[in-house]
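So the chains spell out like this:
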Amino acid sequence: MSTHPKIYGVIGNPISHSRSPLIHQTFAQQTGIPLTYSAILAPLDSFAATVDRFRAEGGLGLNVTVPFKHEAFAYCIDRSERALQAGAVNTLIFSQDPQAPARGDNTDGVGLMRDLAYHGIELTGKRILLLGAGGAARGVLGPLTAAHPANILVANRNGETAKQLILDFGAGPKPQDIVTLCACALADFPRDEVAFDLIINATSASLSGECPSLPDTVLQGHTIAYDMAYGTAPTVFMDWASARGARALDGLGMLVEQAAESFYLWQGVYPQTELVRARLRAELHSS
Ligand code: NDP
């Protein structure tokens, strides 16, 4: 058996902020699997060429982040059911032969579901508001629906994209036979909508310090407001929800859990996530 460390990385643009190297290096130490994991900046116009070079140098797997998840989907011929449902790939799996087709998977959905479970959040029969209709929203809609909430409303800045997401989703297997799926534009958000049990912010608004505009009636004291974004301080969306009595959570746990699923796809070993959660949280608080 080779003792050379196996080569992995995360590819994106920008990428220097990524915490994936710290997460995967911690998983590697924990499981005793020798590997390298680096952050790779791909020029916006040469995702495929950068991936090809990485594979030619012996790379065995990549996590993919903004803005390349759709290009990663197109790069693969072999795609998991989860990737097909999401229409986006965040994990690339390569064989030793750089000419062999790459396999693409999407671990965002399972990452969110494991984090919700970690926080003790039950979804069966609940009312969910999903904000955003980009790659992350696509990745989580299937697993959310499979958890049998009563209904899911997808609200997006561009209402047509939200409607298309629902239509695309309706073409697949149909757990939604018992889940009502609706879509609207944020600007047309129904003013008489009663409070939701769970609001998931899957927009990238938090990255620019913005908060999707919603009527205050969408949340009450029992509402959980989950932002997929995370940072050194609560996001504007989290502050907005907390100020109205809701429980606000960030996406740090989702990040760790989606990384654990990628690690499992590559190594066949599921790492423990508790230690990494604590380590990242401490790092964020100290920065
Ligand atoms: P995309 O670029 O694919 O989609 C962005 C979405 O955000 C679109 O629906 C877009 O609406 C909406 N949007 C952007 N700016 C605003 C705004 N100012 N107000 C309202 N809506 C806005 O991004 P992703 O789906 O890949 O990522 C979304 C977020 O989720 C990011 O913050 C990302 O960091 C986070 N994420 C976190 C993960 C984790 O593990 N914690 C994993 C994956 C993503 P429109 O269609 O109208 O342009």
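Heads up: the structure comes first, above all this text.
The following paragraphs examine the structure supplied in this document. (Residues numbered from 1 in each chain as written. Predicted model: local features only at pLDDT ≥ 70, side-chain atom pairs only at ≥ 80, totals over all residues. Heavy atoms only, no water.)

## A word on the sheet that holds strand S1 (residues 6-12)
Then step 1. Strand order across the open sheet formed by 6 strands is S2-S1-S3-S5-S6-S4, with mixed pairing between neighbours. The open sheet has two edge strands with one neighbour each: strand S2 (35-41) and strand S4 (78-79).
Then step 2. Packed onto the sheet, helix H1 (residues 20-31) meets S1, S2 and strand S3 (59-64) and runs at close to 170° relative to S2.
Then step 3. Sitting on the sheet, helix H9 (residues 252-267) is in contact with S1, S2, S3, strand S5 (91-93) and strand S6 (103-105), with an inclination near 5° to S5. (Pairing = 2+ DSSP bridges. Helix = DSSP H or I, 4+ residues; strand = E, 2+ residues; numbered from the N terminus. Contact = heavy atoms within 4.5 Å. Axes fitted to C-alpha atoms, helices over the stretch in contact; angles between N-to-C directions.)

## Considering the pattern of salt bridges
Then step 1. Within this structure, the stated rule accounts for 13 salt bridges.
Then step 2. Note that Glu 283 and Arg 19 form a salt bridge whose closest N and O atoms lie 3.3 Å from each other. Taken together, the positions of Glu 283 in helix H10 (residues 274-286) and Arg 19 in the loop between S1 and H1 put the pair 264 residues apart, joining distant regions of the chain.
Then step 3. Here Lys 163 ties to Glu 160 by a salt bridge, and the two come within 4.0 Å at their closest N and O atoms. With Lys 163 and Glu 160 both in helix H7 (residues 159-170) and 3 residues apart, this pair spans about one turn of that helix.
Then step 4. Residue classification places Lys 163 among the partly exposed residues on the basis of a relative accessible area of 39%.
Then step 5. According to the relative accessible area criterion, Glu 160 is exposed, its value standing at 56%.
Then step 6. What you see here is one network of salt bridges that share partners, running through Arg 82, Asp 105, Arg 114 and Glu 261. (Salt bridge = Lys/Arg side-chain N within 4 Å of Asp/Glu carboxyl O. Buried < 20%, exposed > 50% of the residue type's maximum accessible area, 1.4 Å probe, protein only.)

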